Amino acid sequence: MQYRRLGSSGLQLSALSFGAWVTFGSQIGRSEARNLVAAAWDHGVNFFDNAEGYANGAAEQVMGDVIADLRLPRDGYCVSSKVFFGAAADPRPTQRGLSRKHVRDACDAALKRLRVEHLDLYFCHRPDPDTPVAETVWAMDALIRQGKVLYWGTSEWPAALIREAAQIARTHHLHCPTMEQPEYNLLRRERVELEYAPLYAELGLGATIWSPLASGLLTGKYADGVPADSRLAQPQLEWLQGSVLGDANANRVGRAGRFTALAAELGVSPAPLAIAWCLTNPHVSTVLLGASKVSQLLENLQALELLGRFDDSVWRRVEAVTG
Ligand code: NDP
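Rules used in this analysis
Chains are numbered independently. Their residues run from 1 in the order of the written sequence. At least 70 in pLDDT is required for a residue's local features to be given in this predicted model, at least 80 for side-chain atom pairs to be given and counted, and no such filter applies to totals for whole chains, interfaces and linings, which use all residues. Side-chain descriptors were evaluated using all non-hydrogen atoms of the structure, hydrogens and water having been removed beforehand. Each nonpolar core is a collection of buried residues, namely Ala, Val, Leu, Ile, Met, Phe, Trp, Tyr and Cys, held together in the definition by side-chain atoms within 4.5 Å. Categorising residues by exposure relies on relative accessible area from a 1.4 Å probe, with only protein chains included: less than 20% of the type maximum marks a residue as buried, more than 50% marks it as exposed, and the intermediate range marks it as partly exposed. Strands are runs of DSSP state E lasting at least two residues, helices are runs of H or I lasting at least four, and both sets are numbered from the N terminus onward. Contact definition: two residues touch when any of their heavy atoms are within 4.5 Å. Note on geometry: axes are C-alpha line fits, over the in-contact stretch for helices, and angles between N-to-C directions span 0 to 180 degrees. When an angle is under 35 degrees it counts as roughly parallel; over 145 it counts as roughly antiparallel; between 65 and 115 it counts as roughly perpendicular; any other value is oblique. A clockwise turn of the near helix away from the far one marks a right-handed crossing, whereas an anticlockwise turn of less than a right angle marks a left-handed crossing. Ten residues, namely Ala, Val, Leu, Ile, Met, Phe, Trp, Tyr, Cys and Pro, are considered nonpolar, four, namely Asp, Glu, Lys and Arg, are considered charged, and the remaining ones, Gly among them, are considered polar.

(A) Representation of the nonpolar core in the model. By size, the foremost hydrophobic cluster in this structure holds 101 residues, and its most contacted members are Phe18, Phe24, Phe48 and Tyr122. Per-element tally for this core: the top contributor is helix 11 (residues 270-279), with eight residues. Those residues in contact with Phe48 that sit more than four places away from it in its chain are Phe18, Val37, Ala40, Trp41, Met63, Ile67, Leu72, Tyr77, Cys78, Val79 and Ser80.

(B) Region of interest: unusual backbone geometry. Its identity is not glycine, yet Arg115 carries a phi of approximately 60°, on the positive side. Even without glycine at this site, Glu156 takes up a positive phi of about 60°. Its place among the elements puts Glu156 in the loop between strand 7 (149-154) and helix 6 (159-171). Given a relative accessible area of 15%, Glu156 falls into the buried group.

(C) The arrangement of the packing of helix 5 (residues 133-145) against helix 6 in detail. Packing of helix 5 against helix 6 brings their axes to within 9 Å, and their N-to-C directions diverge by 60°. Judged by the inter-axis angle, helix 5 sits oblique to helix 6. When you trace helix 5 past helix 6, the crossing you get is right-handed. Touching Val133, Ala134 and Val137 of helix 5 are Leu161, Glu164, Ala165, Ile168 and Ala169, all from helix 6. Of the residues that constitute the contact of helix 5 with helix 6, the class distribution is seven nonpolar, no polar and one charged.

Encoded structure:
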């Protein structure tokens, strides 16, 4: 494993980390979840990502149980949660969003589910148009001062709003956001590479990026339709098909097909190649992996080996075929 600093902070995260979305508490059972966390840990993964909204809190519960069961040393791993969507199936107004009340209640609930005394990373899962940014910044700072959170950040916030939050924090000597969690993969690059470009140096922001395989599309598994045991076949994820497979203009399936053909020409699996490409961006502090099977995770962890094997000319070809 390689370790990278979370932005300009001193926290060393594994370059490849592991997340629970769709899988934990929903698609897979507890024993597969345990095997996945154990395999990740055995390969040096030290960051496990979660959110209040994943499987209505069940993903955090399973992850907390599994980590406790495996007796991972608390000072050896980092765990995150995210606040915004709420954990209740049909949240009441105070059970979602980024108000001071919900940020605090959600943090306390996540601590219980994950069976920890502090969250190492805590994200605002989306911007909340109904809460002043300053209220959220003060709420996050309070959690850090109470010892319940170590680093706070955002997920899919516009650059201007992240800058505003940092400005408020600096003015009032509060803790600034340390990280952002955006989608980043060969088929979605703009936000990380263009919109956030000034923020890395300006704020010392680190990116903990999600969906490096575009929900599996970059493995080639959707080339001939949707396999019955795949993510896009999950009945509760019908809404995801449109954004993953895209429309004819975006030609996402065609671009993924060109990418898998290039991977074959290079003699490597497409999944670790796509993940390794994400790591070529120095602003990426960690790539969040998702997997429904241990075999997928083990294949994806080979990305680090490919990162060292290929030079710039190969990465430019990879970008050209998906571009
Ligand atoms: P990916 O894009 O890597 O998709 C992972 C899925 O692709 C797996 O669950 C599996 O689905 C399939 N897959 C993975 N590896 C392989 C392989 N080698 N061969 C074939 N299929 C494979 O990442 P995720 O979308 O899961 O995102 C990773 C993490 O990022 C999440 O767990 C979560 O923690 C975080 N995240 C954060 C978001 C945010 O808004 N902040 C949003 C989304 C994710 P299957 O087998 O079911 O087809």
